[in-house]
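# Chain and residue survey
Listed below are the residues making up each chain.
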Amino acid sequence: MKNLNKSKILVASPLLPDLKLFEQSLKKIWESKWLTNNGEFHKKFEVELCKYLGVKYLSIYTNGTLPILAALQTLKITGEVITTPYSFVATTHALWWNGIKPVFVDIDPVTGNLDPNKIESAITPKTTAILPVHVYGNPCDTKKIKAIADKYGLKVIYDAAHAFGVKVNGKSILKEGDLSTLSFHATKVFSTFEGGALIAHNQEIKQRIEFLKNFGFADEVTVVGPGINGKMDEARAAYGLLNLKQVDAAIDRRKKVAKIYRDELKNIHGIRYMYDMKGVRHNYAYFPIFVDEKEFGVSRDALYEGMKVYNVFGRRYFYPLISTFSTYRGLSSALPSNLPVATKLADTVICLPMHHDLSDSDVERVIDSIKKYYKK
Ligand code: T4K
């Protein structure tokens, strides 16, 4: 292959602001000697994020896992929560750390999201909430989920870690549910090294979130609840402010990469990919393909390992399923027979390299590395 022995192409690459501009921000932080605890950059970053995302109440966090933990605390969720096994393990761990029993429900094969038609049969008297994930940035069927939640009096918390900037018919997906969470990890569409956010819909809830994010302090001498330290520091808030200015261009480039992948892979039998959804402004956070071994010619794992020979490093997000990990596999809802669609997606998925920094020739090399194994 012509591209053999070239540099590594990784599944993700961080969105980096101009270093000189970041140095200027750091200089200001040095001069102010104010490093964390709701400083000027932090305040400004929250305001600008609200504007960009089209939401009213948002709290930034030091990573994307803490907002899920904090969302469950904020709404005082207990008992059982219905969730997806097809996600990053942080989603379910947040329930476990809160002493909540996860109840896994199967997913929709087209979007990879929790299948709303399977939720009702998993509801028990102990169910208090639903925790879906907009996986790969694909919006969940929020209408159906809301109808079920309203019928049974359940809360809905969306893990929107992948859904930065995603809109449905012009409306931010983050406005759905009772609360939504974001991740700004280095591998995400929008990044602050590590970081995240919790999105609320009214001032009262936002205030509770603020207390809980700062150890429960309401003032110097009053602790109103069992809070944690979820605060983001000034350096990362400054970094985020700079990245906000270039995230749209990054999403545009991702969209172009997705188009090339789709055009080039459409005639390869045994490779399925996901399509844009009607009325959705996607962010192209990931580009998953699903390998049908019989049609394609080699197994998913053979392709995954084989691509590495050409220095192309995809990832099998989300394999293994969360429900197969030792903490969860004893749960009755974790039985593979309860999760046939999720099991199939997990067993066949490869997320191809997808980021703003891929050149056309990088994308071509990824495609070549797949074609190399076609019908082998
Ligand atoms: N909910 C959902 C649905 C999530 O997907 C996640 C995180 C969370 C919640 C929790 O949010 P955080 O607490 O993480 O903010 C990565 C990320 O660590 C994780 O944030 C993400 N989901 C998950 C899907 O992917 P790994 O273990 O696959 O990352 P790693 O270190 O293997 O990196 C992946 C690729 O990115 C590598 O090929 C190298 C490249 N990379 C990585 C880093 C860290 C870079 O180019 N630069 C970097 O700085 O989990």
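Let me sum up the structure you'll find in this document. These numbers come from a predicted model, not from an experiment.

With antiparallel pairing, three strands are arranged side by side in an open sheet as 13-15-17. Bordering the open sheet on either side are strand 13 (271–273) and strand 17 (349–352), each of which pairs with just one other strand. The mean inter-strand angle of the sheet, taken between neighbouring strand axes irrespective of direction, is 35°. Set on the sheet, helix 11 (residues 340–348) makes contact with strand 13, strand 15 (287–291) and strand 17; between it and strand 17 the angle comes to about 55°.

Time to look at the site of the ligand. Residues in contact with the ligand amount to 27 residues; listed here are only the nearest, Thr-65, Asp-159, His-162, Arg-315 and Tyr-317. Here a nitrogen atom of the ligand and a side-chain polar atom of Asp-159 are 2.7 Å apart. Within the side chain of Ser-183, an N or O atom sits 2.7 Å from an oxygen atom of the ligand. Compared with its free state, where it exposes 920 Å², the ligand has 76% of that area covered by protein. Taken together, the residues of the shell around the ligand sort by class into 13 nonpolar, eleven polar and three charged.

Here we take up the layout of surface pockets. Its boundaries defined by the atoms lining it, the largest pocket holds a volume of some 390 Å³. Cys-140, Thr-142, Lys-143, Val-168 and Asn-169 are, among the 15 residues lining the largest pocket, the residues nearest its centre. Secondary-structure elements contributing two or more residues to the lining of the largest pocket are helix 5 (142–152) and strand 8 (171–172). Sorting elements by how many residues they give to the lining of the largest pocket places helix 5 first, with three residues. Grouping the constituent residues of the lining of the largest pocket by class yields six nonpolar, three polar and six charged. Composition of the lining of the largest pocket by domain shows at least three residues from each of domain 1 (19–244) and domain 2 (247–371).

Looking now at the nonpolar core. Core analysis: the largest hydrophobic core is formed by 85 residues, its most contacted members being Tyr-86, Ile-289 and Leu-303. Tallying contributions element by element places helix 8 (residues 247–265) first for this core, with seven residues. In this structure, this core is formed jointly by two domains, domain 1 (19–244) and domain 2 (247–371), each of which donates at least three residues. Within the second largest apolar cluster, 21 residues are counted, among which are Tyr-61, Ala-70, Ala-94 and Ala-129.

Right, let's talk about helix 11 for a bit. Buried residues of helix 11: Val-341, Ala-342, Leu-345, Ala-346 and Thr-348, and no others. Looking at the buried side of helix 11, the elements it contacts are strand 13, strand 15, helix 10 (300–309) and strand 17.

Calculation criteria
Residues numbered from 1 in each chain as written. Predicted model: local features only at pLDDT ≥ 70, side-chain atom pairs only at ≥ 80, totals over all residues. Heavy atoms only, no water. Pairing = 2+ DSSP bridges. Helix = DSSP H or I, 4+ residues; strand = E, 2+ residues; numbered from the N terminus. Axes fitted to C-alpha atoms, helices over the stretch in contact; angles between N-to-C directions. Contact = heavy atoms within 4.5 Å. Near = heavy atom within 4 Å. Polar contact = N/O pair within 3.5 Å; in protein donor to acceptor, adjacent residues only side chain to side chain. Areas by Shrake-Rupley, 256 points an atom, 1.4 Å probe, with all protein chains shown as cover. Nonpolar A, V, L, I, M, F, W, Y, C, P; charged D, E, K, R; others polar. 1 Å grid on protein atoms, 1.4 Å probe; cavity = no way out; pocket = protein on both sides within 12 Å on 5 of 7 lines; lining within 4 Å. Points joined across faces, edges and corners; volume = space filled by probe spheres on them. Domains from an automatic or database assignment. Core = buried A, V, L, I, M, F, W, Y, C linked by side-chain atoms within 4.5 Å. Buried < 20%, exposed > 50% of the residue type's maximum accessible area, 1.4 Å probe, protein only.

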